[in-house]
Amino acid sequence: MVQFFLLAFGWAAILNGAQAIDKEAKKIPAISSRSSQRYVDMQMEGNHSTAKDLCDSHKMQMPRIVSNDQAVEFLLAIDSDMEGSWWIGGVTFDGWNHWVWIDDGQLLQSPYGHDNWGQGEPAPTGGNCLLHQNRFWYRSDCANVFKIACQVKDTCSKVSVLLLAVLVSSVASAPEKSSRVVNPYVDMKTSLSFWAAWRYCESQGMQMPQITSDAEFNNFRLATSADMNGNWWTGGIDLGSTGSYVWINNVKSVSSPLGYTNWYPGEPNNANSIEHCIEMKNQFWNDADCSVVKKVSKVCVLLLAVLVSSVASAPEKSSRVVNPYVDMKTSLSFWAAWRYCESQGMQMPQITSDAEFNNFRLATSADMNGNWWTGGIDLGSTGSYVWINNVKSVSSPLGYTNWYPGEPNNANSIEHCIEMKSQFWNDADCSVVKKVVCQQKTSTC
């Protein structure tokens, strides 16, 4: 979770920086010497939407108060009417009483346990916006008119272990996002099968949604509020090990380290033995047929690859050749092989040049003319093969491919994964057991 830190420089430096970015920043009200460096009295009134738009227009955000120190800072900023009624950035939706900050989707109650509800609040029903009144928080109708304060956006963040998540500010071909919520999940205004959705999200430099906490679930609900009880794809699949669901983006269990899951009672049940992908249905997880068309929400996150230098449990590689491909000395179906390679900190092999083909042949020299899985699949667009690791075409930028003459032919309409057969590519049934090679991951940073 991205956490924010207090800016280490004074308001004059903040204001100068804002002016360099946006000339409109000069319209921000002058600040009292008693005022906070974090919060600003905008000396205006309006409804909650007006407050949000005003803060956005000044490259600021709605106030977010997650500690006692910040509560005191806010009071300093509004010292012109400390007991008055001021909008702050909390929102909720009818039907559920989980409150989140509108600008980052995090739960109102911070990791430090801070909140400041008035007596009897939050009421089970009422308005969906958060009011700061007489030093306490109250639920209020978003259309009401109150005083407006804004918060200077923080510029520092922590980096989570092994993964740097960078919020994408815009995607040219993506539908326009609401200005009211800055949210890593985006309703794509379209419906696709699971595999077509996977390709589409990746084509936008994004990924299928994974939901590992209440905070992320709340973000997802904010993004899908147009049809909150509809059917939306997430990124969970159990191909390769029925009933053992993982996120397709990182092959980690959908049960988070903290034990979070959101299955509907009785699910997953793999009805008719064809349900292998997780949909969000009526705000709960349900296993569904991957080929069925459902709505698409995607995550605005760029994943920066992490180089895995070694894997203790991987088979020992020959000391004679420094080779990214490793004969795993086992045979599995495509999806079981995919899980296995990822469990070793490696990936399914992709072959994009003669040099890589030669390395692959060296790794498989024990049975060079045998049948070995590669990482190519055409699920989501039959005949259009991509590498499962990065969803890029198997035809390299230099035009390299290695198909056997007449292939791919999708025999019996069940061949959707690429095997290496007698040193050529062939499309094959993904469920068939073949020999496994894994490839060391390399950094793309």
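Predicted model, so just to flag it, every value in this text is computed and none were measured.

### Here's the deal with the packing of aromatic side chains
Given two aromatic rings, one states the distance between the centres and the angle between the planes to describe the pair. Scanning the entire structure with this criterion turns up 23 aromatic pairs. Judged by centre distance (5.7 Å) and plane angle (75°), the rings of Tyr 325 and Phe 360 are edge-to-face. Within this pair, whereas Tyr 325 is found in strand 16 (residues 325-332), its partner Phe 360 is found in helix 7 (residues 354-363), the two being separated by 35 residues in sequence. We note that Tyr 325, like Phe 360, is buried. Feature note: the residues Phe 194, Trp 195, Trp 198, Trp 233, Phe 334, Trp 335, Trp 338 and Trp 373 constitute an aromatic cluster, connected by ring pairs. If you follow Lys 294 out to its NZ or CZ, it ends over the ring of Trp 233, 5.7 Å from the centre. The ring of Trp 373 has Lys 434 sitting right over it, with the charged end atom 5.6 Å from the ring centre.

### Focus on the environment of Val 437
Along the chain, Val 437 turns up in strand 22 (residues 434-440). Among the residues examined, Val 437 registers a relative accessible area of 1% and is labelled buried. If near-sequence neighbours (up to four positions away) are discounted, Val 437 is found in contact with Tyr 325, Val 326, Asp 327, Met 328, Cys 341, Pro 349, Phe 360, Thr 364 and Trp 372.

### Thoughts on the nonpolar core
Within the largest apolar cluster, 39 residues are counted, with the highest numbers of intra-cluster contacts made by Trp 195 and Trp 335. When residues of this core are traced back to their parent elements, those giving at least two are strand 9 (185-192), helix 4 (194-203), strand 10 (231-237), strand 16, helix 6 (334-343), strand 18 (371-377) and strand 22. Apart from the residues lying within four places of it in its own chain, the contact partners of Trp 195 are Ile 237, Leu 239, Ile 248, Cys 290, Trp 335, Ile 377, Leu 379 and Gly 380.

### Observations regarding the environment of Phe 424
With respect to the helices and strands, Phe 424 occurs in strand 21 (residues 424-429). Each C-alpha atom of the pair Phe 424 and Asn 369 lies 9.0 Å from the other, and the pair is 55 residues apart in sequence. If sequence neighbours within four positions are ignored, Phe 424 has contacts with Asn 402, Trp 403, Tyr 404 and Glu 419.

### Some points on unusual backbone geometry
For the peptide bond that leads from Glu 121 to Pro 122, omega is -5°, which places it in the cis range. Structurally, Pro 122 can be placed in the loop between strand 4 (96-101) and strand 5 (129-133). Despite not being glycine, Asn 272 has its phi angle at roughly 60°, a positive value. Checked against the element boundaries, Asn 272 lands in the loop between strand 11 (246-247) and strand 12 (275-281). For Asn 272, a relative accessible area of 70% translates into the label exposed. Non-glycine residue Ser 273 carries a positive phi angle of around 60°. Within the fold, Ser 273 resides in the loop between strand 11 and strand 12. Looking at Ser 273, the relative accessible area reads 54%, which means it is exposed.

### Digging into the state of the cysteines
This structure, assessed with the given rule, holds five disulfides. The residue that forms a disulfide with Cys 55 is Cys 150, at a sulfur-sulfur distance of 2.0 Å. Handedness of the Cys 55-Cys 150 disulfide follows from its S-S torsion of about -90°: it is left-handed. Of this pair, Cys 55 sits in helix 2 (residues 48-57) while Cys 150 sits in strand 7 (residues 146-152), and the two are 95 residues apart along the sequence. The exposure classification of Cys 55 matches that of Cys 150, with both residues buried.

### Some details on the confidence of the model for the protein
Detailed reading of the predicted coordinates is not advisable wherever pLDDT falls low. Residues of the protein with pLDDT of at least 70 account for 76%, and the chain-wide mean is 77. Confidence drops under pLDDT 50 across residues 155-181; counting only partners more than four residues distant or on other chains, this segment forms 48 contacts. Counted against residues more than four places away or in other chains, residues 300-321, with its pLDDT under 50, gives 46 contacts.

### So, the side chain of Arg 139
For Arg 139, the location among the structural elements is in strand 6 (residues 136-140). At 2.4 Å, the side chain of Arg 139 forms a polar contact with the backbone oxygen of Gly 127. At a separation of 3.4 Å, a polar atom in the side chain of Arg 139 contacts the side chain of Asn 128.

### A few points about helix 6
In terms of burial, helix 6 is a largely internal element, eight of the 10 residues being buried. Those residues of helix 6 that fall on the buried side of the exposure criterion are Phe 334, Trp 335, Ala 336, Ala 337, Trp 338, Arg 339, Cys 341 and Glu 342. Gly 345 sits one or two residues past helix 6 and shows a positive phi near 75°.

### Structural notes on the pairing of strand 6
Bridge analysis of strand 5 against strand 6 gives five bridges, and the strand direction is antiparallel. Within strand 6, the residue paired with Gln 133 across the bridge is Phe 136. Remark: two residues form the turn of the hairpin made by strand 5 and strand 6, two consecutive strands paired antiparallel; Asn 134 in that turn has positive phi of roughly 50°.

What counts and what doesn't
Residues numbered from 1 in each chain as written. Predicted model: local features only at pLDDT ≥ 70, side-chain atom pairs only at ≥ 80, totals over all residues. Heavy atoms only, no water. Phe/Tyr/Trp six-rings, centres within 6.5 Å; stacked < 30°, edge-to-face > 60°. Helix = DSSP H or I, 4+ residues; strand = E, 2+ residues; numbered from the N terminus. Buried < 20%, exposed > 50% of the residue type's maximum accessible area, 1.4 Å probe, protein only. Lys NZ or Arg CZ within 6 Å of the ring centre and 35° of its normal. Contact = heavy atoms within 4.5 Å. Core = buried A, V, L, I, M, F, W, Y, C linked by side-chain atoms within 4.5 Å. Disulfide = S-S within 2.5 Å. pLDDT = per-residue confidence, 0-100. Polar contact = N/O pair within 3.5 Å; in protein donor to acceptor, adjacent residues only side chain to side chain. Pairing = 2+ DSSP bridges.

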